[in-house]
Amino acid sequence: MEGDPVALYGDGRRLDVNSEVFKAHAKRLVDSHDQLLQSALETGSYSKLYSFKHILNGFAVHTTPSQAEKLKEAPRVKLVERDRGAKLMTTYTPQFLGLPQGAWTQEGGDDHNAGEGIVIGLVDTGINPTHPSFAYDPLNPFTSNISHFSGACKTGPQFPASSCNGKIVSANFFSAGAQAVATLNSTVDFLSPFDAVGHGSHVASIAAGNAGVPVVVNGFYYGRASGMAPRARIAVYKAVYPTVGTLTDVVSAIDQAVLDGVDILTLSVGPDEPPEDTATFLSMFDIAMLFARRAGIFVVQAAGNQGPAPSSVVSYSPWAVGVASSSTDRTYPGSVLLGNGTKIEGVGLSGVLKASGSFPRTPPYVEECQYPEALDPNVVQGSVVICTFSEGFYNGTSTITAIINTAKVLGFMGFVLVANPNYGDFIAEPIPFGVSGIMVPNVTNVRVILQYYEQETCKEEKGFATRFAAKAAIGEGRVASFMGQAPVVSRLSSRGPDFINSSRTPCDVLKPDILAPGHQIWAAWSPISALEPTLTGYNFALLSGTSMATPHVAGIAALIKQYNPSWTPSMITSAISTTATKYDGDGEFIMAEGSDIGSSYPSTPFDFGAGFVSPSRAMDPGLVLSSGYEDYISFLCSLPEINPATTRNATGELCNNTLDHPANLNLPSVTLSALKGSQIIRRTFTNVGSKPETYLCSALSPNGTIVDLCPTWFRIAPQGSQELHIQVKVTQAMDGFTFGEIVLTGSLNHIVRIPLSVFPVSTSNT
């Protein structure tokens with residue numbers, strides 16, 4: 001709608017939300033929304049869900065498609081967008097990232113001060129307030145002032161007022177969108193900030209969980225968990241429920257988080273598809289994130305879990321940091337020892353099972369071990385049972401939870417879930433089984449097991465087994481191994497290039513932005529575990545996804561902001577990006593998992609963004625590239641696919657045409673999605689160091705191009721600025737993107753890296 005949002009001054013400062021002026025203006029907006037709906041739509045044909053009156057001037061309404069069409073034509077309505085679904089996109093990662101010896105030491109010597117004074121807002125499934133990762137220690141009180149934060153604590157089922165304990169400084173929930181599209185289940189869809197899923201608790205503890213919390217599952221100790229910024233405070237905004245999640249609720253949560261004054265906004269939730277009829281940058285979700293950035297909030301967002309397909313990212317906009325997921329060098333190797341001495345590798349967080357029992361094989365129709373009544377208890381009791389990963393697992397009707405239930409009911413000694421040679425390998429993640437068990441996802445290994453089984457099994461003429469003589473032992477799978485190549489970009493992690501519309505037309509913005517640990521991350525959980533029965537009753541879970549990578553970057557951003565309190569979100573983004581590494585722990589180029597299980601290829605910026613995050617180096621990057629709200633508006637206005645009227649309708653801002661090309665937005669990367677002839681791109685650097693420094697400028701040209709830099713060196717004073725002209729010229733047309741980088745090497749040992757991603761279309765400018 002026409003009119004300005006009211007929570008911010010033009011320069012991004014927050015208004016006094018308790019002032020009479022603020023309250024009166026907010027009321028006028030709500031009244032105007034009601035009046036518009038009453039005049040435009042038929043009585044009884046709609047239900048207003050929210051009035052957005054803080055960072056957005058608009059509303060969410062539940063109505064029919066025909067009424068939505070009428071609303072589009074109503075006076076003062078600038079934009080109508082269909083709601084979309086919202087989907088959910090650690091004991092070791094602080095050590096893997098070098099925090100104990102690096103960034104934490106800069107925050108006061110250890111983890112006891114890391115993140116102090118910073119409020120991290122989390123839009124997710126809520127939080128488990130009784131978890132030790134979120135406990136308040138009266139013997140170690142917070143010493144920081146968070147007067148800039150004004151969030152409140154809403155109570156409800158499983159979430160009493162005491163849940164906001166000083167570590168959790170506020171909690172809220174948003175359910176109007178969910179309730180409009182589905183009937184919620186009161187046994188799991190709690191109308192309170194309580195987390196019945198576990199996802200929100202997991203994300204919160206990775207970002208800001210207390211330091212040194214023991215991780216114990218099924219009586220086994222896996223180590224101690226610490227968040228990236230263990231002394232940061234947590235503000236909870238529940239917007240996704242076990243039954244359903246909607247972007248309407250997510251946007252409302254963002255609106256409230258900005259009003260409350262969080263420093264960091266963490267979004268491990270996001271759209272389940274691109275917007276249908278608007279540019280990706282101009283969806284309500286992305287505009288809400290833009291206004292959060294205008295308020296001075298660092299916004300970090302999961303890149304998505306649709307990898308390794310190209311253009312699968314769901315993080316589109318340059319004002320939000322999109323995070324990709326990688327492995328660490330920690331694995332949990334399990335094994336099966338056969339009676340003939342052969343040892344087979346497997347996956348499963350399971351304790352030792354002594355060599356005893358046998359391998360009964362049931363008829364094919366019960367090979368997945370889903371139903372206890374389908375197996376003969378006299379045969380399987382006290383035995384190790386082979387279960388097969390077949391059609392039911394591929395179509396989602398079979399589960400490991402059902403295998404565990406069958407094993408418990410019938411008294412299996414243990415189970416081995418093996419790949420079906422007819423279907424091929426499957427992807428297996430370690431799960432803390434409640435009974436001894438292991439997964440063998442590799443067909444080659446499975447054939448060895450099955451051959452041994454057949455040799456040791458006597459059968460009658462019709463093929464039914466009459467005697468089982470095969471024996472096996474399941475080895476200890478809960479002891480971590482720290483070796484192998486890492487980090488590696490996870491298969492599931494969504495890839496670039498970024499795109500501007502539902503046709504996936506590439507645009508001049510690099511996505512993802514950064515790579516962080518997201519594979520097999522231990523963190524807090526909710527025992528209800530409404531969406532994952534296998535983890536019911538557990539307080540910790542080992543999960544993988546960009547949802548897990550995102551809070552790593554949120555916590556690291558909190559450390560940087562604590563150390564450099566005057567830095568803007570774009571300066572923090574730049575510091576994280578330009579200090580990232582493209583090499584793994586062995587000094588080799590970071591690899592990315594491919595679509596075939598076990599395959600990999602050398603990463604590109606479309607896999608890992610600028611590279612793997614390096615917290616300690618990000619504290620002192622030397623130079624930063626800065627951009628603000630007005631720059632983002634100019635970026636939108638420079639896009640040939642978006643006209644000025646559309647930009648104004650979405651943002652309320654007029655185009656002033658200060659940016660002649662979208663690639664000239666002052667980002668810590670350069671992306672040219674369709675380069676013809678040559679293009680000069682500009683970047684402006686600021687010295688955030690305390691001393692003057694001389695930088696040498698060099699470029700690695702992408703294939704099919706030549707890159708020239710001007711100047712080739714410069715000396716820059718503290719707080720001084722320097723513009724760099726980057727001329728990219730096509731020497732040969734290519735059939736896709738090619739990659740290079742710009743490297744600025746400082747005399748005080750600062751190294752600033754900027755990835756280049758170019759699609760050379762033609763040697764001619766026409």
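Residues numbered from 1 in each chain as written. Predicted model: local features only at pLDDT ≥ 70, side-chain atom pairs only at ≥ 80, totals over all residues. Heavy atoms only, no water.

1. Regarding the domain arrangement of the chain
Move 1: Assigned domains within the chain: domain 1 (6–73), domain 2 (93–330 + 484–621), domain 3 (333–474), domain 4 (628–665) and domain 5 (666–765).
Move 2: Summarising the inter-unit geometry, the C-alpha centres of domain 2 and domain 4 are found 29 Å apart.
Move 3: Taken together, the contact between domain 2 and domain 4 spans 15 residues of the former and 16 residues of the latter.
Move 4: When domain 2 packs against domain 4, the two sides together hide about 1,300 Å² of surface, and 80% of this comes from carbon and sulfur.
Move 5: The tally of links between domain 2 and domain 4 comes to zero salt bridges. (Domains from an automatic or database assignment. Contact = heavy atoms within 4.5 Å. Buried area = accessible area lost by both parts, 1.4 Å probe. Salt bridge = Lys/Arg side-chain N within 4 Å of Asp/Glu carboxyl O.)

2. Some remarks on the packing of aromatic side chains
Move 1: The final tally for this structure, using the stated rule, is 20 aromatic pairs.
Move 2: Members of the aromatic cluster, connected to one another through ring pairs, are Phe389, Phe393, Tyr394, Tyr423 and Phe426.
Move 3: The ring of Phe142 has Arg233 sitting right over it, with the charged end atom 4.0 Å from the ring centre.
Move 4: Against the face of Tyr629 rests Arg294, its NZ or CZ located 4.9 Å from the ring centre. (Phe/Tyr/Trp six-rings, centres within 6.5 Å; stacked < 30°, edge-to-face > 60°. Lys NZ or Arg CZ within 6 Å of the ring centre and 35° of its normal.)

3. Notes on the environment of Ala428
Move 1: Tracing the chain through its elements places Ala428 in the loop between strand S17 (414–419) and strand S18 (437–440).
Move 2: In this structure, Ala428 is in contact with Val347, Met439 and Pro441, ignoring residues within four places of it in sequence. (Helix = DSSP H or I, 4+ residues; strand = E, 2+ residues; numbered from the N terminus.)

4. Structural notes on the pairing of strand S5 (residues 168–173)
Move 1: The element S5 is extensively covered by neighbouring structure, given that six of its six residues are classed as buried.
Move 2: By the bridge criterion, five bridges tie S5 to strand S8 (residues 233–238) in an arrangement that is parallel. Each residue of the ladder has a partner; that of Asn172, found in S8, is Tyr237. (Buried < 20%, exposed > 50% of the residue type's maximum accessible area, 1.4 Å probe, protein only. Pairing = 2+ DSSP bridges.)

5. Things to note about the state of the cysteines
Move 1: In the structure shown here, the tally under the stated rule is three disulfides.
Move 2: Sulfur-sulfur distance for the disulfide between Cys153 and Cys164 comes to 2.1 Å. With the S-S dihedral at roughly 85°, the linkage between Cys153 and Cys164 falls on the right-handed side. Separated by eleven residues along the polypeptide, Cys153 in the loop between strand S4 (119–124) and S5 and Cys164 in the loop between S4 and S5 bring together distant segments of the chain. (Disulfide = S-S within 2.5 Å.)

6. Quick word on the side chain of Lys167
Move 1: Here Lys167 is to be found in the loop between S4 and S5.
Move 2: Within the buried core, Lys167 has no salt-bridge partner, and the shortest N-O distance to an opposite charge, that of Glu116, equals 8.7 Å.
Move 3: A distance of 2.7 Å separates a polar side-chain atom of Lys167 from the backbone oxygen of Pro230. (Lys, Arg positive; Asp, Glu negative; His and termini not counted. Polar contact = N/O pair within 3.5 Å; in protein donor to acceptor, adjacent residues only side chain to side chain.)

7. What to know about the sheet that holds strand S35 (residues 721–730)
Move 1: Read across the sheet, four strands follow the order S29-S31-S35-S33 without closing on themselves; strand pairing throughout is antiparallel. Two strands close off the open sheet at either side, each with one partner strand: strand S29 (623–625) and strand S33 (705–710). Across the sheet, the axes of successive neighbouring strands diverge by a mean angle of 35°, strand direction being ignored.
Move 2: Across nine bridges, strand S31 (residues 678–687) lies against S35 in antiparallel orientation. Paired with Thr686 across the two strands is Ser721, which belongs to S35. (Axes fitted to C-alpha atoms, helices over the stretch in contact; angles between N-to-C directions.)

8. Some words on helix H17 (residues 629–638)
Move 1: Burial analysis of H17 places eight of its ten residues in the buried class, which makes it a mostly covered element.
Move 2: Looking at H17, one finds that the buried residues are Tyr629, Tyr632, Ile633, Ser634, Phe635, Leu636, Cys637 and Ser638.
Move 3: Looking at the packing, one finds that the buried side of H17 touches helix H8 (284–294), helix H14 (569–578) and helix H18 (644–651).

9. What to know about the packing of helix H6 (residues 199–208) against helix H13 (residues 546–563)
Move 1: Two elements in contact, H6 and H13, have axes whose closest approach is 7 Å; the angle formed by their N-to-C orientations is 35°. For H6 against H13, the interelement crossing comes out right-handed. On H13, the residues touching His199, His202, Val203, Ile206 and Ala207 of H6 are Ser547, Met548, Pro551, His552 and Gly555.
Move 2: For the contact of H6 with H13, the per-class residue count stands at five nonpolar, five polar and no charged. (Left-handed = near helix turned anticlockwise from the far one by under 90°. Nonpolar A, V, L, I, M, F, W, Y, C, P; charged D, E, K, R; others polar.)

10. A closer look at the pattern of salt bridges
Move 1: Inspection of the entire model under this criterion finds nine salt bridges.
Move 2: Among the ionic pairs, Arg491 bridges to Glu593, the shortest N-O distance being 3.8 Å. Here the residue Arg491 occupies a position in the loop between strand S23 (488–489) and strand S24 (514–517), and Glu593 occupies one in strand S27 (residues 591–593), the gap between them amounting to 102 residues.
Move 3: The exposure class assigned to Arg491 is buried, which follows from its relative accessible area of 13%.
Move 4: Among the salt bridges present, the one from Asp513 reaches Lys511, with a minimum N-O distance of 2.6 Å. Of the two residues examined, Asp513 and Lys511, each falls in the buried class.
Move 5: Where salt bridges share partners, they join Lys582, Glu741 and Arg753 into one cluster.

11. Section: the sheet that holds strand S37 (residues 751–762)
Move 1: Taken in spatial order, the five strands of this open sheet run S30-S37-S36-S32-S34, and their pairing is mixed. Two strands in the sheet have a free side with no partner beyond their single neighbour: strand S30 (670–676) and strand S34 (713–716). Averaged over all pairs of adjacent strands, the angle between their axes in this sheet comes to 25°, without regard to strand direction.
Move 2: Bridge count for strand S32 (residues 693–700) against strand S36 (residues 738–746) is six bridges, and the pairing is antiparallel.

12. Topic: the environment of Arg84
Move 1: Within the secondary structure, Arg84 is located in the loop between helix H2 (65–72) and strand S3 (86–88).
Move 2: Judged by relative accessible area, Arg84 falls into the buried class, the value being 4%.
Move 3: In this structure, Arg84 is in contact with Gly245, Thr246, Leu247, Pro271, Asp272, Glu273, Pro274, Pro275, Ser283 and Phe285, ignoring residues within four places of it in sequence.

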